[in-house]
Amino acid sequence: MTSNKTASETEPRQVLPGFIVFEGLDGAGTTTQARLFVERLRSGGAAVSATAEPTDGPIGRHIRAVLSGSEHASDRTMAYLFAADRSEHLDNPDHGILAELKRGRYVVCDRYLFSSLAYQGSLCGFEFVRMLNSSFALPEHLVFLELQSRAGLERIKTRDRNEIYETPQIQDTVYHGYRQALEQFRDTKMRIHRIDGSAAPETIAEEVWRRIAITPIH
Ligand code: TYD
């Protein structure tokens, strides 16, 4: 098949109330915006678990070693590793996403399966990565920080360490990968908030808050 159009999901996935995910290209500001959102929720008295992928568990640490270039793994292996890291991130009985939600906490996550669809999907085949991630539940809210494909790299070029996906060529393909990934979920119950990621951090944070928190989260 040469078409790059992807049918939207046919099987409805579970949507997890209180689970909020931030996504975007490298340098789009997902970490900053997730942090600002968590701070604002907490300042209103909410119980919040702030988390991220790759995780800081054993699989996530191995992924970080590959991202930094100190270990090697093929693109397909990375797709498996990210999926395995995610599986444990969801299911861990002590501090997993499902356990935290069950305790009545909000869970705010910096990156989730949409990163796999956009990054690994564009590097080793969208359908393969979609299948690997097909059993994972969706967040209630997905905040996608929109940025031109290379704009994020401009922001992070002063960092002293670079990761393997931080090249113009890869960011270009990931940019299209995100479009495909978001299209996939357009008819689901997950709410997708596409927000201009080029604005000042405080402006973006205000917009995120306006879009999500004005309506009770659940
Ligand atoms: P991130 O922690 O956002 O970057 P940084 O180390 O600069 O804070 O994410 C690390 C990288 O991992 C980023 O390039 C996106 C990539 N990634 C994937 O390729 N697939 C995935 O499933 C996830 C969660 C992240």
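That block above? That's the structure.
What counts, and where the lines are drawn
Residues numbered from 1 in each chain as written. Predicted model: local features only at pLDDT ≥ 70, side-chain atom pairs only at ≥ 80, totals over all residues. Heavy atoms only, no water. Pairing = 2+ DSSP bridges. Helix = DSSP H or I, 4+ residues; strand = E, 2+ residues; numbered from the N terminus. Axes fitted to C-alpha atoms, helices over the stretch in contact; angles between N-to-C directions. Core = buried A, V, L, I, M, F, W, Y, C linked by side-chain atoms within 4.5 Å. Buried < 20%, exposed > 50% of the residue type's maximum accessible area, 1.4 Å probe, protein only. Contact = heavy atoms within 4.5 Å. 1 Å grid on protein atoms, 1.4 Å probe; cavity = no way out; pocket = protein on both sides within 12 Å on 5 of 7 lines; lining within 4 Å. Points joined across faces, edges and corners; volume = space filled by probe spheres on them. Nonpolar A, V, L, I, M, F, W, Y, C, P; charged D, E, K, R; others polar. Salt bridge = Lys/Arg side-chain N within 4 Å of Asp/Glu carboxyl O.

Caption draft 1: Representation of the sheet that holds strand E2 (residues 48–52) in the model. One open sheet accounts for 5 strands, arranged E2-E3-E1-E4-E5; its pairing is parallel. Only two strands of the sheet have a single neighbouring strand rather than two, namely E2 and strand E5 (191–196). Looking at each pair of strands side by side, their axes are set apart by 20 degrees on average, direction ignored. In this sheet, strand E3 (residues 106–110) lies alongside E2 in parallel orientation, the contact comprising 5 bridges. Residue Val48 lies in a different strand from E3, and its bridge partner there is Tyr106.

Caption draft 2: Region of the structure containing the nonpolar core. Core analysis: the biggest nonpolar cluster contains 42 residues, and Phe19, Met78, Tyr112, Phe114 and Tyr178 have the highest contact counts within it. Discounting residues that sit within four places of it in the chain, Tyr178 has contacts with Glu23, Gly24, Leu25, Arg111, Phe114, Ser115, Ala118, Tyr119 and Phe144. Counting residues in hydrophobic clusters, the runner-up holds 18 residues, among them Ile20, Phe37, Ile195 and Trp209.

Caption draft 3: Spotlight on empty space enclosed by the protein. Per the counting criterion, the structure on display carries 1 cavity of 30 Å³ or more. Its boundaries defined by the atoms lining it, the largest cavity holds a volume of some 50 Å³. The wall of the largest cavity is formed by Phe144, Glu146, Leu147, Tyr175, Tyr178, Arg179 and Arg194. Put simply, the parts of the chain that give the lining of the largest cavity at least two residues each are strand E4 (138–146) and helix H8 (168–184).

Caption draft 4: Local environment of the layout of surface pockets. Each pocket or cavity is described by its volume, and for the largest pocket that value is around 670 Å³. Of all the elements in the fold, those that place two or more residues in the lining of the largest pocket are helix H1 (30–43), helix H2 (58–68), helix H3 (75–91), helix H5 (113–124), helix H7 (151–156) and helix H9 (201–213). In terms of residue class, the lining of the largest pocket is built from 13 nonpolar, 10 polar and 11 charged. One number sums up the size of the second largest pocket: a volume of about 350 Å³. Lining the second largest pocket are 19 residues, and of these Thr55, Asp56, Gly57, His89 and His95 sit closest to its centre.

Caption draft 5: Fine view of the pattern of salt bridges. With the rule as written, the count across this model stands at 15 salt bridges. For Arg161, the salt bridge identified is with Glu163, shortest N-O distance 3.4 Å. The exposure class assigned to Glu163 is buried, which follows from its relative accessible area of 17%. We note a salt bridge from Arg211 to Glu207, for which the minimum N-O separation is 3.0 Å. With Arg211 and Glu207 both in helix H9 and 4 residues apart, the pair spans about one turn of that helix. Assessed through its relative accessible area of 23%, Glu207 is described here as partly exposed. Taken together, the shared-partner salt bridges connect Arg64, Arg161 and Glu163 into one network.

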